[in-house]
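Each chain, letter by letter, is given below.
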Amino acid sequence: NKGGNKMLTRLAGALVALVMTAHGSAALAEAEYKIATASEKGTYFAIGNDLAKLVAPQANIKLEVLPTAGSAENVKLLRYEPGVKFAIVQADVYQAFIDRAVGGNAEAGTIIRPLRVILPLYDTEIHFIVRADSEMNYLHDIKDAKINGGLIGSGAALITHTVYRMMFNGPMPEANASYLAMEEALVKLVTDKTVDVVTVAAGQPSPLVANMKPEAQKLIKLLKFDPNHPSSKVPLTTYKPATIRASSYPNLLTEDLTTISVGAFLVTYDYYLKDTVRHMVQFARSLCENVPTLQNQGHSKWRDVELALPKLGPGWDYYPATAREIQKCLAGKPTTRTRPLSKHCSPEGRILGLCE
């Protein structure tokens, strides 16, 4: 009996080992990761969906696309939320965290220092929407308007307050600022008129704006940006002029107009665990190999993406594992300081979630 018991024990042990090995193989085969984007009606969400469908599977990654408030929230989710391995982040939001870290904000430093860039993506156009009958026609007309920048944690909110401060040499009056979701703000813009300007930061065509019906022309219009106006000088040190094409919004525009834009980046964390690094390398290889597929089948903004790793500014670093893989892939292809935050919480500080 003792011999029989030993045999049974060995068999049981072998079965357990077999199950564990099979389970381990399955775990290695597909990692479950998340990417932080923005509103489900925004371009970042569409770009995340494209990565989940056209890039992640080839890298043995099941990628969940998270709708979020936007770039500032994405930075925090990437830093602290389990499973979030990727985020799409606006350049000015990323830079704002770096600036505050350099300025002595310990929390900003803790958040931003371990984050790394995988790839610069494209320029995000900023849409400033007003009522069709508004006397405002240009961005420099918004000084006394009631302005909705978007949810706390969104890139649009940071852009709105940053551009306002740059243009008018001071913060937006609190009484004129609101932080509603874009859809809610647009309703208020045209109904009770408690909002005069709605900021939508999204690569064109923004699904939210593109899906508007032709009747929208009677209700809303887009403000233009005049690069030659005196108030435009400071914003142009951070943002670039950009053209919103009438072809992006045929139901709303009859001609192209000039606005401002800001870069969008695909960002990750400085991972070092072997299994994670392996999946990130596979993701970078798949991304490099599938750029033509993304440009043919994904959001039109992929056509603006150049697979390249240009020099980054101070405080910005590429993730070494993906950078090496992208460079290796490219080799086989044709070449194509701010002041510390005061105890008073600024609107930008609140948007970044660095103070109450």
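Owing to the predicted nature of the structure, the values given are computational and were not obtained by experimental measurement.

**A few points about the overall build of the chain**
When helices and strands are counted, the chain shows 12 helices and 10 strands. Here the chain, with 356 residues, has 52% of them falling under the buried criterion. Of the roughly 17200 Å² of accessible surface on the chain, 55% is carried by carbon and sulfur atoms.

**Quick look at the packing of aromatic side chains**
A complete count under the given rule lists six aromatic pairs for this structure. Pairwise contacts between aromatic rings join Tyr33, Phe86 and Phe283 into one cluster.

**Points about the state of the cysteines**
Under the defined criterion, the tally for this structure stands at one disulfide. The disulfide partner of Cys288 is Cys329, and the S-S distance across this bridge is 1.9 Å. Looking along the S-S bond of the Cys288-Cys329 disulfide, the torsion reads about -90 degrees, which is the left-handed sense. Separated by 41 residues along the polypeptide, Cys288 in helix H9 (residues 274-289) and Cys329 in helix H11 (residues 320-331) bring together distant segments of the chain. Using a relative accessible area of 14% as the deciding quantity, one classes Cys329 as buried.

**As for the pairing of strand E4 (residues 115-131)**
The buried fraction of E4 amounts to 16 of the 17 residues, a majority that puts the element mostly inside the structure. The pairing of E4 with strand E10 (residues 257-269) spans nine bridges and is classified as antiparallel. Each residue of the ladder has a partner; that of Leu119, found in E10, is Leu266. Where E4 lies against strand E7 (residues 197-201), four bridges are found, and the strand directions are antiparallel. Looking across to E7, one finds that Ile126 is bridged to Ala201.

**Quick notes on the packing of H9 against H11**
Contact pair H9 / H11: the axes reach a minimum separation of 8 Å and the direction vectors enclose 35 degrees. Considering the relative orientation of H9 and H11, their crossing is right-handed. Mapping the contact onto sequence places Val277, Met280, Val281, Ala284, Arg285, Cys288 and Glu289 in H9 and Ala321, Thr322, Glu325, Ile326, Cys329 and Leu330 in H11. Class assignment of the residues belonging to the contact of H9 with H11 gives a composition of nine nonpolar, one polar and three charged.

**Some thoughts on the packing of helix H4 (residues 91-102) against helix H6 (residues 155-168)**
What describes two packed helices is the angle between their axes and the distance between those same axes. For the pair H4 and H6, interaxial distance at closest approach is 9 Å and the crossing angle is 75 degrees. In terms of orientation, H4 lies roughly perpendicular with respect to H6. Counting all contacts with H4, which are made through Asp92, Val93 and Ala96, the residues of H6 involved are Gly155, Leu158 and Ile159. Residues of the contact of H4 with H6, tallied by class, amount to four nonpolar, one polar and one charged.

**Considering the pairing of E10**
Counting buried positions along E10 yields 11 of 13 residues, so the element is predominantly enclosed. Pairing analysis gives four bridges linking strand E3 (residues 84-90) to E10, with the strands arranged antiparallel. For Val89, the partnering residue across the bridge sits in E10 and is Phe265. Summarising the sheet, strand E9 (residues 240-244) and E10 pair through five bridges and their orientation is antiparallel. Among the inter-strand pairings, Ala242 is bridged to a residue of E10, identified as Thr259.

**Regarding the nonpolar core**
With 89 residues, the main nonpolar core has Leu51 and Leu266 as its most contacted residues. If you tally residues by element for this core, the top one is E4, at nine residues. Listed in part, the 21 residues of the second largest apolar core include Met182, Val209, Ile220 and Leu257.

**Thoughts on the environment of Glu306**
With respect to the helices, strands and loops of the structure, Glu306 is situated in the loop between helix H10 (291-297) and H11. In the structure, Glu306 is positioned 184 residues away from Tyr122 in sequence and 8.1 Å away in space, judged by C-alpha atoms.

The rules we used
- Sequence order sets the numbering: in each chain, residues are counted from 1 along the sequence as written.
- Since the coordinates come from a predicted model, pLDDT governs what is reported: local features require at least 70, and pairs of side-chain atoms require 80 or more to be given and counted, while whole-chain, interface and lining totals use all residues.
- Note that the side-chain values use all heavy atoms of the structure and ignore hydrogens as well as water.
- Numbered from the N terminus, helices here are DSSP runs of H or I no shorter than four residues, and strands are runs of E no shorter than two.
- Exposure categories follow from relative accessible area, calculated using a 1.4 Å probe and restricted to protein chains: below 20% of the type maximum is buried, above 50% is exposed, and the middle band is partly exposed.
- Surface exposure here means Shrake-Rupley accessible area, sampled with a 1.4 Å probe, where a residue is shielded only by the protein chains that are shown.
- Planes of paired rings set the category: under 30 degrees apart is stacked, over 60 is edge-to-face and the rest tilted, where pairs are Phe, Tyr or Trp rings (Trp by its six-membered ring) whose centres lie within 6.5 Å.
- Criterion for a disulfide: a pair of cysteine sulfur atoms within 2.5 Å.
- Strands were regarded as paired on the criterion that DSSP finds at least two bridges between them.
- As a rule, the C-alpha atoms of each element are fitted with a line to give its axis, helices using only the stretch in contact, and angles between N-to-C directions run from 0 to 180 degrees.
- It is the rotation of the near helix from the far one that decides the hand of a crossing: anticlockwise by less than a right angle makes it left-handed, clockwise makes it right-handed.
- The criterion used for residue contact is that any of the two residues' heavy atoms lie within 4.5 Å.
- Residue classes follow a fixed rule: Ala, Val, Leu, Ile, Met, Phe, Trp, Tyr, Cys and Pro count as nonpolar, while Asp, Glu, Lys and Arg count as charged, and any other residue, Gly among them, counts as polar.
- To sort the angles, those under 35 degrees are grouped as roughly parallel, those over 145 as roughly antiparallel, those from 65 to 115 as roughly perpendicular, and the leftovers as oblique.
- The term nonpolar core refers to a set of buried residues drawn from Ala, Val, Leu, Ile, Met, Phe, Trp, Tyr and Cys, joined through side-chain atoms within 4.5 Å.

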